[in-house]
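Below are the chains, spelled out letter by letter.
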Amino acid sequence: MPKFIFITGGVLSSLGKGIAAASIGALLEAGGLKVTIQKLDPYINVDPGTLSPFQHGEVFVSDDGAEADLDLGHYERFTHIRTSQKNNFTTGKIYYNVITKERRGDYLGDTVQVVPHITDEIKQAIKSVSDGNDVVIVEIGGTVGDIESQPFLEAIRQMRYDVGKENVLYVHLTLVPYIKTSGELKTKPTQHSVKELRAIGIQPDILLCRTDRLIPPEAKRKIAIHCNLETDAVINAIDVDTIYEVPLALNAEGIEQLIVSKLNLKGNEIELAPWKDIVRKLKEPKNEVTIAIVGKYVGLKDSYKSLTEALTHGGIANDSRVNFQWVDSEEVEVHGTEKYLSEVDGILVPGGFGYRGIEGKIESIRYAREKKIPFFGICLGMQCAVIEFARNVCGLKANSSEFDLNTQAPVIYLIEKWFDYRKGKVEERTEASHKGGTMRLGAYPCVIEQNTRAASAYRQKEVSERHRHRYEFNNAYKGVLTRMGMRISGASPDSELVEIVEIEDHPWFLGCQFHPEFKSRPTEPHPLFSSFIGAALREKRSLFPYAKSESQELNQG
C-alpha cells in the first residue's frame, strides 16, 4: 500500500505549494523512496491549454501530450519522475469524466451528486498514479475556503478512511506575516486557516509556515497549541535565495524525518551533496552572462517558468550566473532593437501564439544574426527565425500562414497531415479544428544531423523532445533556404517534419520546433541550454578578454 501526502494551502495563494511538494518529493527520493506527485486544480477548464499565460502562467507539456499546470514542471525538475496525463486533474476534467459516465448509463439511474460521484472520481484519479510508488504526493490547488476547492478537500478527507489513517498525511502551507510597525510575526492567519481546514474534517499533521525570518520557539508553541499539533510539526518554510535551496532548508528543519516517522516509512540515509553543489553554483558562480528574452508575455514571468529555469540550468552547467533581460517584442517594434539588445550576451526568442509582437521578434532575430550574437529560437522563435532568413537573406516575401493566409511565401504553414510517432498513426487537422487539443503535442523523435551545433550539444544520433504547436516548417522552401546557408540539423525519422535549423556562418544560431526547456533539470541541464550559455560566455570573453575567471572551461557545444 503506498502512502499518500496531501498538501493544501491557506491564507492566500502563491505561497509555493508546488515548490513545497516538489521539495518534499526530492527529499524522500534522496532517501531511496519511489515517489510521484500529482496536482489537482479547482478551475473548470478541462486543461490549461486554452488559458492565457497572463492568467495562469505557462502550460507545461508531458511526454504523453498532457497540457498541464506549471507546477508539474517543478515536480519533474526536483525529482526523477516523468509526469503524464494522470498527474494533473482539473474540476473540468473530473466533471467531464462523470458526465460522460452518466450519459453512458454507468450510474444505473442514480441521482449524480458531488458526494459520492464527484468525490469518488477524484479519489480514483488520485489512486491512478499510485501503482509502483512508495509515496504519492498530491497538491491541492487554490486556497482553503475557495468554493471551487471543496470537492477536492472532501475527497482527500475521505481518503484517510478509505486507505487507513496510517497511510495518509496532511501537510498545510500557510503564511506567518511579519508586521513591521509592531515588529511581530503574526500567527493568527495560520490559526484561522487551520480552523477552517479542521471545520471540514481535516486535521493537518504538519504545518509549513511561510515566513521571511525564523519563527521563534514561543511562536511555534503558540501555533502548535492552537492548531492541535506537536511543536516539532510546525516547520519554518523560510524565504531563500533560490528555489533549489528549499530542499536543503526543509531538510534542516527535519521534515523528511518527521514524514518517515509519521508514515512508518523505511528509507536510506539522505544524500544531498548534488543539491548543495547546485546552490553553491547559483550563489557563488565563477562566471556571469546576460540573456535577452524577447517575448510578448514578459509582463508575467511565470509565462516562461520552465524556460528561465532551463537557462539557469545552462548556467549551472557552465558555473555561471544567468541574468535575464526581459524585452517586450511589441516595444522592439516601436523603439528598435539597439535600445534593448546592444548590451546582451545572447538572445532567446521563446514560443507563443498569435501575430501580436511578431515583427519585433523577427527584428530581434535579424539583429542577432547580423551582429553575430548567440541566438536560440524555441517553437515560434524558430519559426520567426525561418521567416527572418527567408525575407532578409533569400529575398522572399515570406511569412507564416498563421499570420497571413495570403502570404506569397508561406515558409511556415499549417500542415494538415503528419505521422504521429507517439500514437503510431496519421493525424489530421485544418484551420477549422478546435483550438484545444489539436496541436502536435508531446514527445516526438528527432534525428540529429552529423557535424552540426545540435550534434555537438546532444552527442547522440536521435533524441526525443516535447512539442506544443500547430504550424510547421514548409518543406517546399527547404531547397532555397538551405542553398542560402540555413542548415536543417534535426528532423523526424521520415524527414517530413523539420525540428532544428541552424545558420552556418554564425558563432551559435539555432532554432528548434520543440520545447527543450520541459526536459531540463538542475541536476541534468538540457544540452541545448548548456551549449547556448557556453556560446554566450565565449562570445562575451572574445569582446571582454579580461572577464572574470577567463580560464574557466566552458561547454563547447
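The following refers to the structure shown.

### With respect to the overall build of the chain
Helix and strand counts for the chain come out as 19 helices and 25 strands. Whereas a compact globule of 557 residues would reach a radius of gyration of roughly 24 Å, the chain reaches 25 Å, a difference of no more than 12%. Overall, the C-alpha framework of the chain stretches about 75 × 65 × 45 Å when taken along its three principal axes. Counting all 557 residues of the chain, 58% fall into the buried class. Across the chain, contacts joining residues at least 24 apart in sequence account for 72% of those joining residues at least 6 apart. For the chain, the computed accessible surface area is about 23,300 Å², with 48% contributed by carbon and sulfur atoms.

### Remarks on the side chain of Glu 465
Mapping Glu 465 onto the fold places it in strand β21 (residues 462-469). Buried and unpaired, Glu 465 has Lys 519 as its nearest opposite-charge partner, separated by 5.1 Å. A distance of 2.7 Å separates polar atoms of two side chains, one belonging to Glu 465 and the other to Tyr 458. Only 2.6 Å separates the side chain of Glu 465 from the side chain of His 526, close enough to count as a polar contact.

### A look at the sheet that holds strand β22 (residues 471-473)
What holds strands together in a sheet is hydrogen bonding between their backbones, with the strands either parallel or antiparallel. With mixed pairing, three strands are arranged side by side in an open sheet as β16-β17-β22. Looking at strand neighbours, the two that pair on one side only are β16 (398-400) and β22, the edges of this open sheet. Averaged over all adjacent pairs, the angle separating strand axes in this sheet is 30 degrees, with direction ignored. Summarising the sheet, β16 and strand β17 (residues 409-414) pair through three bridges and their orientation is parallel. When the bridges of β17 are listed, Ser 400 appears paired with Ile 412.

### Digging into the packing of aromatic side chains
Within the structure shown, the criterion is met by 15 aromatic pairs. Aromatic side chains Tyr 355 and Phe 403 sit 5.5 Å apart centroid to centroid with 55 degrees between the ring planes, which places their arrangement in the tilted category. Taken together, the residues Tyr 355 in the loop between β14 (346-349) and α15 (358-371) and Phe 403 in the loop between β16 and β17 connect sequence positions 48 residues apart. For Phe 403, a relative accessible area of 15% puts it in the buried group. Plain terms: the ring middles of Phe 376 and Trp 508 are 5.5 Å apart, the flat faces sit at 80 degrees to each other, and that makes the pair edge-to-face. On the criterion of sequence distance, the pair formed by Phe 376 in strand β15 (residues 375-378) and Trp 508 in the loop between β24 (498-503) and β25 (509-512) is long-range, its members being 132 residues apart. An aromatic cluster of at least three residues, connected via ring pairs, comprises Tyr 297, Tyr 304, Phe 324 and Trp 326. The side chain of Arg 213 reaches across the aromatic face of Tyr 178, ending 3.5 Å from its centre. Lying across the ring of Tyr 444, Arg 440 places its NZ or CZ 4.7 Å from the centre.

### Examining unusual backbone geometry
The peptide bond linking Val 115 to Pro 116 adopts the cis configuration, its omega dihedral lying at 20 degrees. Locating Pro 116 in the fold gives a position in helix α5 (residues 114-127). Positive phi values are uncommon outside glycine, yet Lys 372 reaches one of about 60 degrees. The topology assignment puts Lys 372 in the loop between α15 and β15. On the accessibility criterion, Lys 372 (34% relative accessible area) is partly exposed. One non-glycine residue, Arg 459, lies in the positive phi region at around 60 degrees. Its place among the elements puts Arg 459 in the loop between α17 (453-458) and β21. Note on Arg 459: relative accessible area 69%, which makes it exposed.

### Quick word on the pairing of strand β13 (residues 320-328)
Where strand β12 (residues 287-295) and β13 come together, nine bridges link them in parallel fashion. The residue of β13 that forms the bridge with Val 289 is Val 322. A crossover connection joins β12 to the parallel β13 through helix α12 (residues 305-317); in handedness this β-α-β unit is right-handed.

### Description of the pattern of salt bridges
Opposite charge on two side chains permits them to pair, given that their charged atoms come into close proximity. Under the criterion given, the structure shown has 33 salt bridges. Across the pair Glu 67 and Arg 468 runs a salt bridge whose closest N-O atoms are separated by 2.7 Å. Taken together, the residues Glu 67 in strand β4 (residues 67-68) and Arg 468 in strand β21 connect sequence positions 401 residues apart. The exposure class of Arg 468 is buried, given its relative accessible area of 12%. The shortest N-O distance in the salt bridge between Lys 123 and Asp 120 comes to 3.5 Å. With Lys 123 and Asp 120 both in helix α5, this residue pair falls three residues apart, about one helical turn.

### Looking at the state of the cysteines
Under the counting rule described, the total for this entry stands at zero disulfides. Here Cys 209 is not disulfide-linked; the sulfur of Cys 227 is the nearest cysteine sulfur, at 7.7 Å. Cysteine Cys 446 shares no disulfide, and the gap to the nearest cysteine sulfur, in Cys 512, comes to 9.0 Å.

### Considerations on the packing of helix α1 (residues 17-30) against helix α3 (residues 71-78)
Two elements in contact, α1 and α3, have axes separated by 9 Å at closest approach and are oriented at 20 degrees. One finds that α1 runs roughly parallel with respect to α3. As α1 packs across α3, the resulting crossing turns out to be right-handed. Facing Gly 18, Ile 19, Ala 21, Ala 22, Ser 23 and Ala 26 of α1, the residues of α3 in contact are Asp 71, His 74, Tyr 75 and Phe 78. Considered class by class, the residues forming the contact of α1 with α3 number six nonpolar, three polar and one charged.

### Overview of the pairing of strand β1 (residues 3-9)
Counting buried residues along β1, seven of its seven residues qualify, which places the element largely inside the surrounding structure. The alternating pattern of β1 places Lys 3, Ile 5, Ile 7 and Gly 9 and Phe 4, Phe 6 and Thr 8 on opposite faces, both of which are buried. Here five bridges tie β1 to strand β6 (residues 135-140), and the two strands are oriented parallel to one another. Bridging from a neighbouring strand, Ile 7 pairs with Glu 139 of β6. Here six bridges tie β1 to strand β7 (residues 168-175), and the two strands are oriented parallel to one another. Considered in β7, the bridge of Thr 8 is made with His 172.

Calculation criteria
- Residues numbered from 1 in each chain as written.
- Predicted model: local features only at pLDDT ≥ 70, side-chain atom pairs only at ≥ 80, totals over all residues.
- Heavy atoms only, no water.
- Helix = DSSP H or I, 4+ residues; strand = E, 2+ residues; numbered from the N terminus.
- Rg over C-alpha atoms; globule rule 2.2 N^0.38 Å.
- Buried < 20%, exposed > 50% of the residue type's maximum accessible area, 1.4 Å probe, protein only.
- Contact = heavy atoms within 4.5 Å.
- Areas by Shrake-Rupley, 256 points an atom, 1.4 Å probe, with all protein chains shown as cover.
- Lys, Arg positive; Asp, Glu negative; His and termini not counted.
- Salt bridge = Lys/Arg side-chain N within 4 Å of Asp/Glu carboxyl O.
- Polar contact = N/O pair within 3.5 Å; in protein donor to acceptor, adjacent residues only side chain to side chain.
- Pairing = 2+ DSSP bridges.
- Axes fitted to C-alpha atoms, helices over the stretch in contact; angles between N-to-C directions.
- Phe/Tyr/Trp six-rings, centres within 6.5 Å; stacked < 30°, edge-to-face > 60°.
- Lys NZ or Arg CZ within 6 Å of the ring centre and 35° of its normal.
- Right-handed = clockwise from strand over helix to strand, strands pointing away.
- Disulfide = S-S within 2.5 Å.
- Parallel < 35°, antiparallel > 145°, perpendicular 65-115°, else oblique.
- Left-handed = near helix turned anticlockwise from the far one by under 90°.
- Nonpolar A, V, L, I, M, F, W, Y, C, P; charged D, E, K, R; others polar.

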